[in-house]
Amino acid sequence: MGPSAVLAGGLVAARRPLDPAAPYVPAWRDLGTSALAHNPFYEADYALPAAGAFGSGVELLLVADRPPEQAGARLLALWPFRRARRWGLPLPVLMGWSHGFAPLGLPLVTHREPERALGALLAAPRALGLPARLLMPLLPQEGAFAACLAGVVARAGSRRAAYWPHARALLDLAGLTDPERAAYLDHMPGGRRRKLRQFGKRLEAGEALTLDTARAPADLAAALEDYIALETRGWKGRAGTAVGNRPAEAAFLRAMVAALGAQGRIRIDRLRRGPRTLAAAILPLTGPEAWWLKIAHDEDEARNSPGVHLVHRVTQDILADPAIARVDSCAEAGYRLPEMFWTGRRGLAHALIEGQGGDPLFPLAAALERARERVARIRAARRRA
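1. A look at the overall build of the protein chain
In step 1: Each helix and strand counted, the protein chain has 12 helices and 15 strands in total.
In step 2: Its C-alpha radius of gyration of 22 Å places the protein chain within 12% of the 21 Å reference for a compact globule of 385 residues.
In step 3: On the principal axes, the C-alpha backbone points of the protein chain span a range of 70 × 50 × 45 Å.
In step 4: Taken over 385 residues, the protein chain has a buried fraction of 52%.

2. Some remarks on the pairing of strand 5 (residues 93-96)
In step 1: Examined bridge by bridge, strand 4 (residues 75-84) and strand 5 share four bridges and lie antiparallel to one another. Bridge pairing in strand 5 links Arg 82 to Met 95.

3. Let's talk about a positive patch on the surface
In step 1: A cluster of basic residues, Arg 193, Arg 194, Arg 197 and Lys 201, forms a positive patch at the surface.
In step 2: Looking at the secondary structure, you find Lys 201 in helix 6 (residues 190-204).

4. Quick word on the nonpolar core
In step 1: With 84 residues, the main nonpolar core has Trp 28, Trp 79, Leu 253 and Met 256 as its most contacted residues.
In step 2: Apart from residues no more than four positions distant in its own chain, Trp 28 is found in contact with Leu 18, Tyr 42, Glu 43, Ala 44, Ala 47, Leu 48, Leu 60, Leu 75, Leu 78 and Leu 108.
In step 3: If you look at the next biggest cluster of nonpolar residues, it comprises 29 residues, including Leu 278, Val 314, Ile 324 and Met 340.

5. Quick notes on helix 7 (residues 217-233)
In step 1: Relative to the 24 Å expected for 17 residues at 1.5 Å per residue, helix 7 spans 25 Å between its end C-alpha atoms, a close match to the ideal helical length.
In step 2: Taken residue by residue, helix 7 has Leu 220, Ala 223, Leu 224, Tyr 227, Ile 228, Leu 230 and Glu 231 as its buried positions. Within helix 7, the buried residues cover an arc of 160° as seen down the axis, which keeps them to one side. Turned more than 90 degrees away from the buried face of helix 7 sit Ala 218 and Arg 233, all of them exposed.
In step 3: Along its buried surface, helix 7 packs onto strand 9 (209-214), helix 8 (235-239), helix 9 (247-262), strand 10 (266-273), strand 11 (276-286) and strand 13 (294-297).

6. Some words on the packing of aromatic side chains
In step 1: Taken as a whole and assessed by the stated rule, the structure comprises eight aromatic pairs.
In step 2: Here the aromatic rings of Phe 41 and Trp 291 are separated by 5.8 Å at their centres, their planes lie at 80°, and the arrangement is edge-to-face. Taken together, the residues span a long stretch of sequence, with Phe 41 in the loop between helix 1 (25-33) and helix 2 (44-54) and Trp 291 in strand 12 (residues 289-291) at a distance of 250 residues.
In step 3: Overall, the relative accessible area of 1% leaves Trp 291 in the buried class.

7. Considering the environment of Leu 106
In step 1: Its location among the elements puts Leu 106 in the loop between strand 5 and strand 6 (108-109).
In step 2: Considering only alpha carbons, one finds Leu 106 and Leu 18, 88 residues apart in sequence, at a separation of 18 Å.
In step 3: Here Leu 106 is in contact with Ala 37, His 38, Asn 39, Tyr 42, Pro 137, Leu 138, Leu 139, Pro 140 and Phe 145, once residues within four sequence places are set aside.

8. Some words on the pairing of strand 4
On a regular strand, each side chain points to the face opposite its neighbour's, so the side chains alternate between the two faces of the sheet.
In step 1: The buried fraction of strand 4 is high, at eight of 10 residues.
In step 2: Inspection of the sheet shows strand 3 (residues 59-64) paired to strand 4 by six bridges, in the antiparallel sense. Note on strand 4: the bridge partner recorded for Val 63 is Ala 77.
In step 3: Relative to strand 6, strand 4 is paired through two bridges, and the arrangement is antiparallel. Bridge pairing in strand 6 places Ala 77 opposite Val 109.

9. Looking at the environment of Thr 213
In step 1: Locating Thr 213 in the fold gives a position in strand 9.
In step 2: Residue classification places Thr 213 among the partly exposed positions, given a relative accessible area of 28%.
In step 3: In this structure, the C-alpha to C-alpha distance between Thr 213 and Arg 267, residues 54 residues apart in sequence, is 6.5 Å.
In step 4: Polar contacts involving the side chain of Thr 213 include one to the side chain of Asp 269, which spans 2.5 Å.

10. Structural notes on unusual backbone geometry
In step 1: The phi torsion at Trp 164 lies on the positive side, around 50°, for a residue other than glycine.
In step 2: Within the fold, Trp 164 resides in strand 8 (residues 160-172).
In step 3: Positive phi, close to 55°, is recorded for Ser 305, a residue that is not glycine.
In step 4: Looking at the secondary structure, you find Ser 305 in the loop between strand 13 and helix 10 (306-319).

11. Side note on the packing of helix 1 against helix 2
In step 1: Orientation of helix 1 relative to helix 2, taken along the N-to-C sense of each, is 125°, at an axis distance of 9 Å. Accordingly, the angle class assigned to the pair helix 1 and helix 2 is oblique. Between helix 1, through Val 25, Trp 28 and Arg 29, and helix 2, the contact on the second element is made entirely by Ala 44, Asp 45, Ala 47 and Leu 48.
In step 2: The class makeup of the residues in the contact of helix 1 with helix 2 is five nonpolar, no polar and two charged.

What counts and what doesn't
- Residues numbered from 1 in each chain as written.
- Predicted model: local features only at pLDDT ≥ 70, side-chain atom pairs only at ≥ 80, totals over all residues.
- Heavy atoms only, no water.
- Helix = DSSP H or I, 4+ residues; strand = E, 2+ residues; numbered from the N terminus.
- Rg over C-alpha atoms; globule rule 2.2 N^0.38 Å.
- Buried < 20%, exposed > 50% of the residue type's maximum accessible area, 1.4 Å probe, protein only.
- Pairing = 2+ DSSP bridges.
- Patch = residues over 30% accessible without salt bridge, like charges linked within 9 Å, V, L, I, M, F, W, Y side chains within 5 Å.
- Areas by Shrake-Rupley, 256 points an atom, 1.4 Å probe, with all protein chains shown as cover.
- Salt bridge = Lys/Arg side-chain N within 4 Å of Asp/Glu carboxyl O.
- Lys, Arg positive; Asp, Glu negative; His and termini not counted.
- Charge placed at Lys NZ, Arg CZ, Asp CG, Glu CD.
- Core = buried A, V, L, I, M, F, W, Y, C linked by side-chain atoms within 4.5 Å.
- Contact = heavy atoms within 4.5 Å.
- Expected span 1.5 Å × (residues − 1).
- Arc of directions from axis to C-beta.
- Phe/Tyr/Trp six-rings, centres within 6.5 Å; stacked < 30°, edge-to-face > 60°.
- Polar contact = N/O pair within 3.5 Å; in protein donor to acceptor, adjacent residues only side chain to side chain.
- Axes fitted to C-alpha atoms, helices over the stretch in contact; angles between N-to-C directions.
- Parallel < 35°, antiparallel > 145°, perpendicular 65-115°, else oblique.
- Nonpolar A, V, L, I, M, F, W, Y, C, P; charged D, E, K, R; others polar.

Read these as spatial facts, not as claims about activity.
Listed below in structure tokens is the structure:
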């Protein structure tokens, strides 16, 4: 058990380790599935399996209606963070947890009382003796959470600054009629559609291509091993960075897929030619939204773009599925593969936020982060030159 503090208004702030045996894990699950804005990567059945591979130094900042270990405690907000020195100075910051399998950084906040919960979360660091500056990576710039954050910060008179604004591809089908869904790929140039057909014929090589979507636990386990094998046979395997080369990451994926698979909240799609898998993708699900977490392809077939064809086939499948309204590509800015098919964009940025109660060092922290951003952009431009 870690420290706790009672906040103004009676809510309880707590600092806790990533502990799969903690009594508030069921309340964490409830918060994840009923949050104002979904973040599957901060949900219990994703974050806890990830702790062994990526969770060194990570703690939880919690807001609850009573001490979280008490029976019946309800979590109103949760944010995984590290206490870090980001700027090479003795100026610590609370950094939201991100890693290669967690491309979204918004906290889990209850949809019932979102402004109260988020305000309490921003007040928690000072109450717990932590630095009152929070760096939240990869926050959506529009939507319910963005509006809630803007309102809470404005009412508290707190300061915030945004860094690395960018957009990533989003398949957005919300509100589209069936005819509009059917026409959603009409934006693609005719030449690109012809190439897709040509690649498809080459990939068939005398056998029909199929899209195999695994959802049942046993099918998911087999499909995941296909994904791991594909990635390990490619350039990542040769470089030693594939999941198959990293036992802790492989263990995380297996545990996470098993946990979400038991709840019907993940799919693994494979493009297959007979028994051979040509490409595979892992997509966790949160309500009507899917998250294109990872993709791998058979590099022996690279000239025929099996990964492109997999995105095409999965997009067609989702267009015909009224249960899915959005697919987040989870991609870096400018990653062309999903942008070939999806015209929607999700705007994101890192946010440095002043905790409630004020932080006299916030202007210095904001300036240091801006300088860090400028240096990183210069280095990136030199690499591209």
